[in-house]
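Architecture at a glance
Below, each chain spelled out in residue letters.
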Amino acid sequence: ELSQVVIVLFDRYLSKRDIWHMHLAFMQDGGQVIYSSIDHNMMPHVPRSRIEKLVEKAGAGTRTVCCGRVSPKTEVVFKSGCVNMVVLIQVSSELVAYSLSGRAYWEILLDCLGQMVDKALRIQSSDGDGHYIRFVLFARRRGDPQGWSEVTPVVTAEEKVASSFCP
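Let us look at the structure shown here. (Residues numbered from 1 in each chain as written. Predicted model: local features only at pLDDT ≥ 70, side-chain atom pairs only at ≥ 80, totals over all residues. Heavy atoms only, no water.)

When you go through the protein chain residue by residue, the secondary structure sums to three helices and seven strands. Beginning at the N terminus, the succession of helices and strands in the protein chain can be written as β-α-β-β-β-β-β-α-β-α. Of all 167 residues assigned to the protein chain, the portion counted as buried reaches 24%. Carbon and sulfur atoms provide 56% of the accessible area of the protein chain, an area that totals close to 12300 Å². (Helix = DSSP H or I, 4+ residues; strand = E, 2+ residues; numbered from the N terminus. Buried < 20%, exposed > 50% of the residue type's maximum accessible area, 1.4 Å probe, protein only. Areas by Shrake-Rupley, 256 points an atom, 1.4 Å probe, with all protein chains shown as cover.)

Below you can see the structure in the form of structure tokens.
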């Protein structure tokens, strides 16, 4: 019976719900036997992951083992190998409005983004490519700007020739 399992995840973000369901899958049928040197242990649950360490209690201490059974008492530790995360932020007039706490929403957004970047810089990747956060700001265009529908696209001679060969 294992006391601790350390799992490294690559190219994935797992929510607390995902982690809970994975832990439950390990404990099905009285506990799943997992091996530290075989990569396909995790394939049904999380592709591109590996087991870094299996620990069992040995008397008063612990020791690293190559296989063991996961039980409800097993502590499952997840490490991030590399993550590519995209954060979409809609820029709108609501950002300059004030929340119930009296702070503008753009201030709250900047605090949240600062915490996210700070955490990403503090986390060490475990034998991976690193952690990347991409912020994408987008906005919607409302209505038809004056004269927008009157603009005709400019077509070059090369585009006319290329379009004449397409069926």
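Next comes the rest of the write-up.
The next thing to look at is the pairing of strand 1 (residues 2-10). Of all nine residues that make up strand 1, eight are buried, and the element is covered over most of its length. Taken together, the seven bridges between strand 1 and strand 6 (residues 75-90) define a ladder with parallel strand orientation. Of the residues in strand 6, the one forming a bridge with L9 is S80. (Pairing = 2+ DSSP bridges.)

Mapped onto the elements, V8 comes out in strand 1. The buried category is assigned to V8, whose relative accessible area is 0%. Linking V8 and V77, residues 69 residues apart in sequence, is a C-alpha distance of 8.6 Å.

The next point concerns the nonpolar core. In terms of nonpolar packing, the biggest core is built from 15 residues, with L2, V5, I7, I34, L54 and V70 touching the most fellow members. Only strand 1, helix 1 (16-26) and strand 3 (49-58) provide two or more residues apiece to this core. (Core = buried A, V, L, I, M, F, W, Y, C linked by side-chain atoms within 4.5 Å.)

Within the secondary structure, S3 is located in strand 1. Excluding residues within four positions of it along the chain, S3 makes contact with V55, E56, K57, T62, K73, T74 and E75. (Contact = heavy atoms within 4.5 Å.)

What follows is about the side chain of S71. Secondary-structure assignment places S71 in the loop between strand 5 (67-69) and strand 6. Engagement of the side chain of S71 in a polar contact is seen with the side chain of E1, the distance being 3.4 Å. Apart from the residues lying within four places of it in its own chain, the contact partners of S71 are E1, L2 and M27. (Polar contact = N/O pair within 3.5 Å; in protein donor to acceptor, adjacent residues only side chain to side chain.)

It is possible for side chains bearing opposite charge to pair when their charged atoms get close. Taken as a whole and assessed by the stated rule, the structure comprises six salt bridges. Here R103 and D111 are joined by a salt bridge, their closest N and O atoms 2.2 Å apart. Taken together, the salt bridges that share partners define one network made up of R103, E107 and D111. (Salt bridge = Lys/Arg side-chain N within 4 Å of Asp/Glu carboxyl O.)

Listed in full, the buried residues belonging to helix 1 are M22, H23, A25 and F26. Taken around the axis of helix 1, the buried residues stretch over an arc of 160°, which confines them to a single face. In helix 1, the exposed positions angled more than 90 degrees off the buried face are occupied by K16, R17 and W20. Of the surrounding elements, those touching the buried residues of helix 1 are strand 1, strand 2 (33-35) and strand 6. (Arc of directions from axis to C-beta.)

Moving on, we get to the environment of Q90. Tracing the chain through its elements places Q90 in strand 6. By relative accessible area, which is 33% here, Q90 ends up partly exposed. Spatially, the C-alpha atoms of Q90 and L137 are 5.9 Å apart, while their sequence positions differ by 47 residues.

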